[in-house]
Every structure is written in C-alpha cells, then in structure tokens.
Amino acid sequence: MRILKSSFAVVERRAEHAVKFFYSHLFWHNPGIRDLFPASAEDMERQRDRLFAALTHVIAHLEDESLLPYLRDLGRDHRKFLAGPEHYAAVGSSLLAALAATSGDAWNPDVEKAWAEAYQVIAYAMTTGADESEDPPWWDAEVVRHVQYGQDIGVLTLRPHAPLRHLPGQYVSVSSDRVPTTWRTYSIGNAPRPDHTVDLHVSRIEHGRLSNALVREVRPGDVLRLGAPGGRLTFRRDEDRPVSFIAAGTGWAPIRAMLEELAQHPPDQDVRLFVTARDAAHLYDRPLIDAWEAARDWLAVTYITPAPGQHRNQATDRLATALGNRGLWPDQDVYLSGPPLFIEATSGLLEELGARPGRIFYDSIPATGRDGAGGRPLGFGEWFLNRPAPHWHNPSGRAPRNY
C-alpha cells in the first residue's frame, strides 16, 4: 500500500502530463478504442479529469472496505461502454506506461510490480461486478415530461422501456444521441413508482454540452440511455437518531427521493431539512417542500439563500451559521447532496461542530473544480455558488477526500 501511495504522490505532481500520455498511448496502440470516447476536445478534457479523480479515489481508499464494492459498481456501470476483457488489458498496459513515463527516477521494478498487481485487483473487481449483474448494460428511456425552471434547471420525467430498479437516493449515468458518446451522472429525484417512471433534475452548466441539451433541447418523445443505478446515499432505517438533510442546488434530487419515501412511510425520528440555493429563483421545488412541511409534524425546513441585493456567496455564510445554531450534531445522522467541493467543505464543517464522520452520508464524486482564474481551490460552497469551468485536479491544493 505504502509503495503505491508514495509512487502516486510523484505522479500527482505531473497529473496533466500523466493523463495525456495515458490517452495518447491507449489510442495509438488501440485505435479502435478511440470511437468509444467523446469526439470533442472539451468532453475529452472532462474525461481526463474523471480518470485522474478515479485514480485519486482508489489510492486514497486502498485500505477502505468500501473500495471493492465501489469497483464492482464501476464495472457494472462500464458495461454501457461495451467494455470487455481486451479493453481492461489495453487500459492496464497504457496506465503502467503513463505511470512509468511520469515517475522519473522513482519508477523501479518494485514499483512496477506493485502497480501491476494493484491493477489486476482493480480489473478483477470491475469484471466481477459486470459478470454478476443481471441487469442490461443500459436502459432506453423515453422522455414523457420536460419542465424547465428559468434558463438553467430542467426536470425530466422518463419512462424506461424495461423496469429500472433503484433505491431512493441513487443516481444513474445518462446519455443522449444529441451528444453522442457522452455520459453524465444525475440523481434520480423520486422514490420508486408503480409506473416505473423516474425524474432527473438537471442544472445547466455553461459549456456542458449534455446539460445544455437536457435542459434546453430535449423534448417529450426523445429517448435517452440510462446506466445502472448506483450510489449509497440511501436512508438508514435501522437507526432512530434525529436526521438532517442538507441539499445544494439540484443536489436536492436524491434528498427529495428519500423524503418522498419517508412521506409514504413516516419515520420515528425528527427530520430537519436545509435547502441551499444561489438565489430564491433556484428554489424550484419550494411549493412541494412547503406542502410537505405543513402536512408532517416530523419535518422542519430551513431555506438558505443570499439576502436580496447581496452577493450569492452570502449563502455560504448563512448556511454555516444555520448549521452552527442547529447543535446536537453528535446525535445526528446527516445526509449531504450537492457539488463535490460543497460536500467536502460542509462535511468538514459538520465534523468541527461535533458530527461523527461515520454518521455523515454522501456519495463520492470527483472534485475537480477550481476558480476560473486557475488559482486557489474554491472555499466552502463557492463551487456551488459560482460553478467554474472544469479544470485539472490541483495537487498543490487540498486533495479531495472522496470520489
């Protein structure tokens, strides 16, 4: 374990070169694989970000019992790319070549052996997850309803052609023929329904081709592809501690799904909901939330937005104040959902307030955002409030705590 972490620390300082070398090596030696990846340079840059974030996650969780389930889920999801044994072999060869090329004098036979053995474990876990799944590689799903809130948020209701079994709080990867070979992850915004329809809550990113298509172009009758449901942000009913949900932006979707299930099967404990948005217009589901709070004595809601006329970053301070005033965090189960750096900073704040790390639940997503100037890593909530363009992982800044 130690040899992998020390080796990766060297590669991490040369992240951009390492990932570019990897893809150049992979496509040069396996030209047929190139068609499986996005065609645009912008989408390939995001793909490179995700690859390095995945490597960071694996190295950070080498001794974590959650790593193997994560890898099995990853392999199950990668069936949508039609990934076979030959692809895993090609990726392994190019990964070792990239690591060797960027490690300099730190690369030696012992390091090479350690990485080769580690990749065998990774590939085996992923192929095992793929082989054990009884689900299809993907689900075709027809858009039956499309509601747009302002210019930047869309809620799509989809009817999969085959039942999509999912738990409240899980997510799926999504692809559209309008943006071929591009997949993005979105949370399912509802508990399972008798008609098997699912809602996706999509926030438009300025230069995000798929999010723009889903919010502004997709219409009822379009057919999307959905990957296998994943994620472990699901409600723990075996506990009777008070519960706090904290949602930012369209991170509200999985929280809504869990609350919808709780509305159908009320909990024994009190539930507190904090909903954070960059302005009041982005509280697109407020009428529903208000109705739920009015009808259920176990639910209390706090909205966090900037004061009128104030900068959107004021919501950051208001949330911190609200959480600080809440108290009793050691006795709480907390569910977080929102952009990666928002989750990272909020979970850190909660730990400072006394919340126990093992009782803070969120899905691990890569944290690759930085400020548009390419300077310091963004602070608490800033990624959510100022959505930067995708950028390389910043090895000199605070490393992501999760993937």
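Right above here is the structure, for reference.
Because the structure is a prediction, the values reported are computed rather than measured.

**Q** Go over the overall build of the protein with me, naming the residues and quoting the values.
**A** Summing up its helical and strand segments, the protein has twelve helices and eleven strands in all. Here the protein holds 403 residues, and the buried ones make up 53% of them. Taking the intrachain contacts of the protein between residues at least 6 apart in sequence as the baseline, contacts between residues at least 24 apart amount to 74%. Within the structure as shown, the protein displays about 18,400 Å² of accessible surface, and the carbon and sulfur contribution to it stands at 51%.

**Q** Describe the pairing of strand S1 (residues 139-149), naming the residues involved and giving the relevant values.
**A** Of the strand pairs in this sheet, S1 and strand S6 (residues 223-226) are connected by four bridges, and their pairing is antiparallel. Following the sheet pairing, Trp139 is matched in S6 by Leu226. As paired strands, S1 and strand S2 (residues 153-160) are joined by eight bridges and run antiparallel to one another. Counterpart to His146 in the pairing with S2 is Leu156. Taken together, S1 and the strand that follows it, S2, pair antiparallel across an intervening segment of three residues, in which Gly150 is found at a positive phi of about 65°.

**Q** Report on helix H11 (residues 340-352), specifying residues and quantitative values.
**A** When the terminal C-alpha atoms of H11 are compared, their 19 Å separation across 13 residues agrees well with the 18 Å that a helix rising 1.5 Å per residue should span. For H11, the tally of buried residues reaches eleven of 13 residues, placing the bulk of the element in the interior. Phi turns positive one or two residues past the end of H11, at Gly354, with a value near 110°.

**Q** Quick rundown of the sheet that holds strand S11 (residues 360-361)? Include the residues and the values.
**A** Spatial ordering of the open sheet is given by S9-S8-S7-S10-S11, a layout of five strands whose pairing is parallel. Each having just a single partner strand, strand S9 (299-304) and S11 make up the two edges of the open sheet. Helix H8 (residues 252-264) contacts strand S7 (243-248), strand S8 (271-276), S9 and strand S10 (333-337) of the sheet and is inclined by roughly 145° relative to S7. Contacting S7, S8, S10 and S11, H11 runs over the sheet at an angle of about 160° to S10.

**Q** Run through the pairing of strand S4 (residues 184-187), naming residues and quoting values.
**A** On S4, burial follows the alternation: Arg184 and Tyr186 on one face are buried, whereas Thr185 and Ser187 on the facing-out side are not. In terms of strand pairing, strand S3 (residues 171-176) meets S4 through four bridges, oriented antiparallel. Considered in S4, the bridge of Tyr171 is made with Ser187.

**Q** How would you sum up the sheet that holds S3? Please name residues and give values.
**A** Here six strands make up an open sheet; going across it, the order is S4-S3-S6-S1-S2-S5 and the pairing antiparallel. The sheet is open, and its two edges are formed by S4 and strand S5 (198-203), each paired on a single side. Geometrically, the sheet is characterised by an average inter-axis angle of 45° between neighbouring strands, direction not taken into account. Bridging between S2 and S5 involves six bridges; their strand directions are antiparallel. Residue pairing in the sheet places Gly154 in a bridge with Val202 of S5.

**Q** Explain the pattern of salt bridges to me, using residue names and the numbers behind them.
**A** For the structure on display, the rule yields 15 salt bridges. A salt bridge links Lys80 to Asp77, with the shortest nitrogen-to-oxygen separation between them at 2.3 Å. Overall, Lys80 belongs to the buried group, its relative accessible area being 6%. Between Arg165 and Asp135 there is a salt bridge, with the nearest N and O atoms lying 2.6 Å from each other. Placement of Arg165 in the loop between S2 and S3 and of Asp135 in the loop between helix H6 (109-132) and S1 is noted, with a sequence separation of 30 residues between them. A residue is classified by how much of its surface remains accessible, and Arg165, at 61% relative accessible area, is exposed. Within this structure, Arg76, Asp135 and Arg165 form a network of salt bridges that share partners.

**Q** Just give me the short version of the packing of aromatic side chains, but keep the residues and values in it.
**A** Enumeration over the complete set of coordinates arrives at nine aromatic pairs. Seen from their ring centres, Phe22 and Tyr23 are 4.9 Å apart, and the 80° between their planes marks the pair as edge-to-face. In this pair, the class of Phe22 matches that of Tyr23, namely buried. Aromatic pair Phe81 and Trp183: ring centres 6.2 Å apart, planes at 75°, arrangement edge-to-face. Here Phe81 is found in the loop between helix H4 (67-77) and helix H5 (85-103), whereas its partner Trp183 is found in the loop between S3 and S4, with 102 residues between them in sequence. What makes Trp183 buried here is its relative accessible area of 11%. Across the ring face of Tyr303, the terminal group of Arg286 is positioned such that the distance to the ring centre comes to 3.9 Å.

**Q** Tell me about the nonpolar core, residues and numbers included.
**A** Residues Leu4, Tyr23, Leu26, Phe27, Phe37, Leu71 and Trp115 are the most contacted members of the largest nonpolar core, which totals 37 residues. Looking at this core, the elements with two or more residues in it are helix H1 (2-12), helix H2 (15-29), helix H3 (41-60), H4, H5 and H6. The dominant element in this core, judged by the number of residues it contributes, is H6, at nine residues. When neighbours within four sequence positions are excluded, Leu71 is seen to be in contact with Val58, Ile122, Ala125 and Met126. Judged by nonpolar contacts, the second largest core, of 26 residues, contains Leu259, Leu262, Leu283 and Tyr284.

Here is what the cut-offs are and how they apply
Residues numbered from 1 in each chain as written. Predicted model: local features only at pLDDT ≥ 70, side-chain atom pairs only at ≥ 80, totals over all residues. Heavy atoms only, no water. Helix = DSSP H or I, 4+ residues; strand = E, 2+ residues; numbered from the N terminus. Buried < 20%, exposed > 50% of the residue type's maximum accessible area, 1.4 Å probe, protein only. Contact = heavy atoms within 4.5 Å. Areas by Shrake-Rupley, 256 points an atom, 1.4 Å probe, with all protein chains shown as cover. Pairing = 2+ DSSP bridges. Expected span 1.5 Å × (residues − 1). Axes fitted to C-alpha atoms, helices over the stretch in contact; angles between N-to-C directions. Salt bridge = Lys/Arg side-chain N within 4 Å of Asp/Glu carboxyl O. Phe/Tyr/Trp six-rings, centres within 6.5 Å; stacked < 30°, edge-to-face > 60°. Lys NZ or Arg CZ within 6 Å of the ring centre and 35° of its normal. Core = buried A, V, L, I, M, F, W, Y, C linked by side-chain atoms within 4.5 Å.

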